[in-house]
Amino acid sequence: MDKVTIGFAPTRRNLFSAEAAIEYANLTRQKMDELAIDYVDILDINEDGLLYDDEGVEKIAEKFKAAKIDGLFLANENFGTEYACARLAKKLDVPVLLWGPKDETPAADGSRLRDTQCGLFAIGKVLRRFKVPFTYVKNSDIDSPEFARGLQDFIKVCNVVKTFKQTRILQVGPRPFDFWTVICNEGELLERFNISLSPVPIQEVVQEIKKVKEQQPDKLQAVIDYFETNTKVQISTKDLEMVAALKVALQNLCESYGCNAGVIQCWTALQDEIGILPYASLSLLQEEGLPFVCETDVHGAISELLVEAASLGEHRAIFADVNCRHPENENGELLQHLGVFAYSTAETKPILPQRHFVFDYPGSVAFRAIKDEYTLCRFDGDNGEYSLLMGTGKGIDGPYNQGTYLYLEFANLNRLEFKLVEGPYIHHVAAVRKNVVPILYEACKYIGVQPDFYDPIEEDVKAYLRGDQSWK
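Residues numbered from 1 in each chain as written. Predicted model: local features only at pLDDT ≥ 70, side-chain atom pairs only at ≥ 80, totals over all residues. Heavy atoms only, no water.

Novice: Would you mind showing me how to read the pattern of salt bridges here?
Specialist: According to the stated counting rule, one finds 29 salt bridges in the structure shown. Here Lys 63 and Asp 44 are joined by a salt bridge, their closest N and O atoms 2.8 Å apart. Of this pair, Lys 63 sits in helix H2 (residues 54–67) while Asp 44 sits in the loop between strand S2 (39–40) and H2; the two residues are 19 residues apart in sequence, bridging distant segments of the chain. The salt bridge partner of Glu 347 is Lys 371, with a shortest N-O separation of 3.2 Å. Pair noted here: Glu 347 is in the loop between strand S12 (332–337) and strand S13 (351–352) and Lys 371 is in the loop between strand S14 (367–368) and strand S15 (373–382), with a separation of 24 residues, a long-range link. Judged by relative accessible area, which is 31%, Lys 371 ranks as partly exposed. Overlapping salt bridges, with partners in common, bring together Glu 347, Arg 368, Lys 371 and Asp 397 in one network. (Salt bridge = Lys/Arg side-chain N within 4 Å of Asp/Glu carboxyl O. Helix = DSSP H or I, 4+ residues; strand = E, 2+ residues; numbered from the N terminus. Buried < 20%, exposed > 50% of the residue type's maximum accessible area, 1.4 Å probe, protein only.)

Novice: Got a minute to help me understand the sheet that holds strand S4 (residues 96–99) in this structure?
Specialist: Spatial strand order, S2-S1-S3-S4-S5: five strands in an open sheet with parallel pairing. Either end of the sheet is taken by a strand with one partner, and the two such strands are S2 and strand S5 (135–136). Pairing of strand S1 (residues 6–11) with strand S3 (residues 71–76), which is carried by six bridges, proceeds in the parallel orientation. Note on S3: the bridge partner recorded for Phe 8 is Phe 73. (Pairing = 2+ DSSP bridges.)

Novice: Where do I start with the environment of Lys 65 in this structure?
Specialist: Along the polypeptide, Lys 65 turns up in helix H2. C-alpha separation for the pair Lys 65 and Asp 93, spaced 28 residues apart in sequence, amounts to 10.0 Å. With residues near it in sequence (within four places) discarded, Lys 65 still touches Lys 91 and Leu 92. (Contact = heavy atoms within 4.5 Å.)

Novice: Which parts of the structure should I look at to understand the side chain of His 356?
Specialist: Looking at where His 356 falls in the secondary structure, it is placed in the loop between S13 and S14. Using a relative accessible area of 2% as the deciding quantity, one classes His 356 as buried. Setting aside residues no more than four positions away along its own chain, His 356 makes contact with Gln 336, Leu 338, Tyr 361, Ser 364, Gln 402 and Gly 403.

Novice: Is there a simple way to explain the packing of helix H9 (residues 237–256) against helix H11 (residues 279–287) in this structure?
Specialist: At a closest axis distance of 8 Å, the pairing of H9 and H11 adopts a crossing angle of 50°. Between H9 and H11, the interaxial angle falls into the category oblique. The handedness of the crossing between H9 and H11 comes out as right-handed. From H9, Val 243, Leu 246, Lys 247, Leu 250 and Gln 251 reach across to H11, where they touch Ala 280, Ser 281, Leu 282, Leu 284 and Leu 285. Looking at the contact of H9 with H11 residue by residue, the classes come out as seven nonpolar, two polar and one charged. (Axes fitted to C-alpha atoms, helices over the stretch in contact; angles between N-to-C directions. Parallel < 35°, antiparallel > 145°, perpendicular 65-115°, else oblique. Left-handed = near helix turned anticlockwise from the far one by under 90°. Nonpolar A, V, L, I, M, F, W, Y, C, P; charged D, E, K, R; others polar.)

Novice: It is not clear to me how the side chain of Ser 283 should be interpreted in this structure. Could you clarify?
Specialist: You can see Ser 283 is positioned in helix H11. A polar contact is formed between the side chain of Ser 283 and the backbone oxygen of Phe 341, at a distance of 3.0 Å. Residues within four places of Ser 283 in sequence aside, it is in contact with Gly 339, Val 340, Phe 341, Ala 342, Tyr 343 and Val 365. (Polar contact = N/O pair within 3.5 Å; in protein donor to acceptor, adjacent residues only side chain to side chain.)

Novice: When you look at unusual backbone geometry in this model, what are you seeing that I'm missing?
Specialist: With glycine set apart, most residues show a phi of negative sign, and most peptide bonds adopt trans. In this structure, the amide linkage connecting Trp 267 to the following residue, Thr 268, adopts the cis form with an omega of 0°. Topologically, Thr 268 is positioned in the loop between strand S9 (261–264) and helix H10 (269–274). Residue Pro 424 follows Gly 423 across a cis peptide bond; omega there is 15°. If you trace the backbone, Pro 424 turns up in the loop between helix H13 (413–422) and strand S18 (428–432). One non-glycine residue with positive phi stands out, namely Ala 36, at about 60°.

Novice: Explain the nonpolar core to me, please; I cannot follow it from the model alone.
Specialist: Soluble, globular proteins show a tendency: their nonpolar side chains are buried together. Formed by 132 residues in total, the largest nonpolar core has its most connected members in Ile 6, Phe 73 and Phe 379. Take this core: its biggest share by element is 11 residues, from H9. The residues touching Phe 73, leaving out its near neighbours within four places in the chain, are Ile 6, Gly 7, Phe 8, Ala 9, Thr 28, Met 32, Leu 97, Trp 99, Phe 147 and Leu 151. Formed by 27 residues, the second largest nonpolar core is a distinct cluster that contains Leu 92, Val 94, Leu 120 and Phe 134. (Core = buried A, V, L, I, M, F, W, Y, C linked by side-chain atoms within 4.5 Å.)

Novice: Just checking my understanding: could you explain the packing of aromatic side chains for this structure?
Specialist: Aromatic ring pairs are described here by two measures, namely the spacing of the ring centres and the angle between the planes. Enumeration according to the criterion identifies 23 aromatic pairs in this entry. Look at Phe 193 and Tyr 386: their rings are 5.2 Å apart centre to centre, the planes differ by 90°, and that puts the pair in the edge-to-face class. Of this pair, Phe 193 sits in helix H6 (residues 186–193) while Tyr 386 sits in strand S16 (residues 385–396), and the two are 193 residues apart along the sequence. Arranged with centres 6.2 Å apart and planes meeting at 70°, the rings of Phe 227 and Tyr 343 form a pair that is edge-to-face. With a gap of 116 residues between them, Phe 227 in helix H8 (residues 217–230) and Tyr 343 in the loop between S12 and S13 connect regions that are remote in the sequence. (Phe/Tyr/Trp six-rings, centres within 6.5 Å; stacked < 30°, edge-to-face > 60°.)

In structure tokens, the structure reads:
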């Protein structure tokens, strides 16, 4: 599971009971400990361990920056100090969670200790004035399922945002000429999202393969052993060694260039140089948490990073072409590729075949993926506008296909088809075996991307985020 650290800044206001605010702050801490939340506290900032003035803002900001927190949790333990919360959030530039524990019944004389809900209204307004996006969990009891779920979902949102903002992609070769669909604006990705590319020529990969064979025999043998143990190997020993060497070489280059994902010109220059397809190598990189996709689809690699981050790294992704309709199910669709599915998604034992019907080269991998519910995700854009398409589909039976494949049934396939045709999306999607649609939706407010759906589920997502209903 990916690690996410949040800064915990419980707040109070002088007009209301400091003792009650301290009590509820401690109860909040206890709940976070129960939920195994990794957080940085402010008990050393002042006697109360609470945020309520400018001096505290400066000290807390310095501490949280030094700790490199991934998100800020503003817990409104009484009415709260709205300007202190907004100033702190503005300084940190991370996702913000706003929540406060439900108020007690008024005392017999009609007095109230905290007025937490009223303060939440104030803090929300001032955060807007400061142009600070934030996530809100409804005013609820500390032991309520809505609070626990909201806090845990926020951790996942932070992971998506952190991953997006720290993305650097190794680009091996230019896009294949025929694939105009994968054109991307490198300058715009850097200027708007801080996403950078590290381009290397295919010849640099070839040189790295030679180094691997000469200088890293143990690493090379470990990969060969993995394939022989977990795969039905039908290719020659020489070709298997090249598949393994390519995997290690790409991993080495990602480490050298500081990249958390990669894209590759998978045909046909690569085959002229090393004689194999890269897809089995890419599948193993996928399995090890290094998304690496074909046809230099930069937006596709970003899609995969986001959908995996939304599951906190619990699930590895498939990266697939949306290929053709199911021959019998009007809402069924084939998702397929020559092998850019992580190994842990396999329902049948993977095979390294001699060839695929598209290319007469070894190096592809073949298996049927596990039938389950999947979240599909596609980051894409053109003409200066970017959006994130998302939704779900359910695994179903379908005819045998070569390569890695999966059939999914959608609520209405026509809606997805029209989205992919009318754009700005293309036929490549990333998917994980977990429903993370609400996480991706909430993350969009922090990364400056428009959320989009192929099914009319936005109101259901909003209801889930409000705590009005569960999400399957």
